[in-house]
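# Observations on chain architecture
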Amino acid sequence: MSNLDSSRGNWNSKIGFIVAAAGSAIGLGNIWRFPYVAGENGGAAFVFIYIIFVILIGLPVMIAELSIGRNTEKNPVGAFKKLFPRSLWKIIGGLGVFTGIGILSFYAVIAGYMVGYFVKIILGDLNNITSFEQADQIFKSFSANPYISIGLFFLFIFLTVIVVMGGVSTGIERWSKILMPILFFLLIALAIRSVTLKGAMEGLVFYLQPDFSKITLTTFARALGQALFSLSLGMGTMITYGSYISKKDNIVTSASSVCLFDTLIAILAGLVIFPALFAMGMDPAGGPGLVFVVLPSIFAKMSGGIIFGAGIFLLLSVAALTSTISLLEVPVAYFVDEHGWSRKKAVTLMGIITFFIGIPSALALGSNYFFTTFIKENFGFLDFMNALFGNYSLSIGAFFIAVFAGYKWGTHAVSKEVQAEGSLFYYRRMWAFLIRLICPIAIFIILAYIAWTGNYF
Ligand code: TRP
């Protein structure tokens, strides 16, 4: 299928592609997930390992995924099938299709709460917060309401379905281009407020001064999962998005910018959360409710806090939407390309299936005791899906994508694709070394350790 074939769609411009890929990468992973995972895993030491993983694993895997996608112009299953028709590699693509639905099913629950908090702050429900306990109580009773939880979750799946139905470039590019920069500046303003709160220093130390004695192999496993999750890697999102880029775009510079922006936003989110958290004497291991408690507490201490709060929750909802779009796009592209479904049918069916799979997650933050304590106290069904699909499935996917790019398809073929139409592959040898040795070995050791110790959650 030609790159200009309008039925598959194409990005309007190079910047359009970077914006869309960054839109996929930047989302709740940066602002909701990164701070609480960092908080649970020792703070600065985690952040340090995280950054190393983005550079040594995230960037090379992203280059591999984008090259596979652009070369084949296919969804993840179709891509492996096109390159090696009778091999088993397509199973890795299939895992990606599955993982997309799995992640979307809990991600849209949290995204729904973001929309809910946007409405709540406008209604003035978050106005008179004086203590962290109060903010905590408000979120707990909010998320423990099954009608609200499922309703908002449904709304978010619905919004995602509408945008994905419109096709790739029209929906995704236009939104992200305007709104992502605004999110960035609002976060900077919030970080400034947070850092200047009384007692913020302790939080900065926790977040920025690594205590390496806190590092265990589990820290590595969480940092790996978080890096892949945040960069949208390991399930073929970037294969699918890469299939819509033109040969003229430079894959290496595009991937580098996406990694850079994504990491900046995550670090910035930590600068918002941790100083405020410590200033209010809260426990950094706050779990999935963390941002919903900390952010309103900061707004309460700001002049114009309501406007800020409304702005942030609105933009977080939009950032989440540009990510859910990319999650849904993978299974949709698969059914459209491989089974000849119409886009409308694929989107509708996938939306409905995801909704049903996600209901237990929507009930897992207090609505239903069984799902709320699914694995153990404070580790419910949503956390379970998050670990299963958002950590392990991505790690396994990234392992095989690295092996595929490094050995099966080969570094030579990837280099050729990267350099199509004369783009330069600045650090080709370094990339080959990372994708053949560092990525697979590091991921293998981490997964083997987790399997060996049984320390999954
Ligand atoms: N990266 C997004 C975030 O940080 C979430 C996301 C979108 C994702 N597409 C993905 C995660 C594909 C893993 C794989 O919020």
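Nothing here was measured: the structure is a model prediction, and the numbers come from that model. (Residues numbered from 1 in each chain as written. Predicted model: local features only at pLDDT ≥ 70, side-chain atom pairs only at ≥ 80, totals over all residues. Heavy atoms only, no water.)

This part is about the overall build of the chain. Counting its regular elements, the chain contains 19 helices and zero strands. Based on the C-alpha atoms only, the size of the chain along its principal axes is roughly 60 × 50 × 40 Å. Buried positions account for 62% of the 457 residues belonging to the chain. A separation threshold of at least 6 residues defines the contact pool for the chain, and within that pool the share at least 24 residues apart is 82%. Carbon and sulfur atoms provide 69% of the accessible area of the chain, an area that totals close to 17,300 Å². Distance between charge centroids for the chain: 8 Å, based on 29 positive and 20 negative side chains. (Helix = DSSP H or I, 4+ residues; strand = E, 2+ residues; numbered from the N terminus. Buried < 20%, exposed > 50% of the residue type's maximum accessible area, 1.4 Å probe, protein only. Contact = heavy atoms within 4.5 Å. Areas by Shrake-Rupley, 256 points an atom, 1.4 Å probe, with all protein chains shown as cover. Lys, Arg positive; Asp, Glu negative; His and termini not counted. Charge placed at Lys NZ, Arg CZ, Asp CG, Glu CD.)

It is worth spelling out the nonpolar core at this point. One finds Trp-32, Phe-292 and Leu-295 to be the most contacted residues of the largest nonpolar core, which totals 168 residues. Residue contributions to this core peak at 17 residues, all from helix H14 (residues 305–339). Non-local contacts of Leu-295, meaning those with residues more than four positions away in its chain, are made with Leu-190, Val-272, Ile-273, Ile-312, Phe-313 and Leu-316. (Core = buried A, V, L, I, M, F, W, Y, C linked by side-chain atoms within 4.5 Å.)

Our next topic: the site of the ligand. Surveying the vicinity of the ligand reveals 17 residues, the closest of which are Ala-25, Gly-29, Tyr-107, Phe-229 and Ser-232. Ser-230 is positioned with one of its backbone polar atoms (N or O) 3.1 Å from a nitrogen atom of the ligand. In this structure, Ser-232 approaches the ligand through a side-chain N or O atom, which is 3.0 Å from a nitrogen atom. Notes on the ligand: free accessible area 360 Å², of which the protein chains cover 100%. (Near = heavy atom within 4 Å. Polar contact = N/O pair within 3.5 Å; in protein donor to acceptor, adjacent residues only side chain to side chain.)

Moving on to the packing of aromatic side chains. Scanning the entire structure with this criterion turns up 47 aromatic pairs. Ring centres of Phe-48 and Phe-212 lie 5.4 Å apart, and the angle between their planes is 80°; on these two criteria the pair is classed as edge-to-face. Of the two residues, Phe-48 sits in helix H3 (residues 44–72) while Phe-212 sits in the loop between helix H9 (201–208) and helix H10 (217–230), which places them 164 residues apart along the sequence. Given a relative accessible area of 43%, Phe-48 falls into the partly exposed group. Both rings, one in Phe-399 and one in Phe-400, keep their centres 5.1 Å apart while their planes meet at 85°; by these two values the pair is edge-to-face. According to the relative accessible area criterion, Phe-399 is buried, its value standing at 17%. Through successive ring pairs, a cluster of aromatic residues spans Phe-370, Phe-371, Phe-374, Phe-379, Phe-381, Phe-384, Tyr-392, Tyr-456 and Phe-457. Taking the ring centre of Phe-229 as reference, the NZ or CZ of Arg-33 above it sits at 4.1 Å. (Phe/Tyr/Trp six-rings, centres within 6.5 Å; stacked < 30°, edge-to-face > 60°. Lys NZ or Arg CZ within 6 Å of the ring centre and 35° of its normal.)

Let us now look at the environment of Asn-41. With respect to the element layout, Asn-41 can be found in the loop between helix H2 (28–40) and H3. On the accessibility criterion, Asn-41 (14% relative accessible area) is buried. Expressed as a C-alpha distance, the spacing of Asn-41 and Glu-338, which sit 297 residues apart in the sequence, is 41 Å. If sequence neighbours within four positions are ignored, Asn-41 has contacts with Phe-46, Thr-219 and Arg-222.

Right, let's get into the pattern of salt bridges. On inspection of all chains with the given rule, the structure shows seven salt bridges. A salt bridge links Asp-211 to Lys-214, with the nearest nitrogen and oxygen atoms 3.9 Å apart. By relative accessible area, which is 40% here, Lys-214 ends up partly exposed. For Glu-417, the salt bridge is made with Lys-247, and the minimal N-O distance between the two is 3.0 Å. A residue pair is termed long-range when its members are at least 10 positions apart, and Glu-417 in helix H18 (residues 411–418) and Lys-247 in the loop between helix H11 (237–242) and helix H12 (251–279) qualify at 170 residues. Judged by its relative accessible area of 25%, Lys-247 falls in the partly exposed class. (Salt bridge = Lys/Arg side-chain N within 4 Å of Asp/Glu carboxyl O.)

Read these as spatial facts, not as claims about activity.
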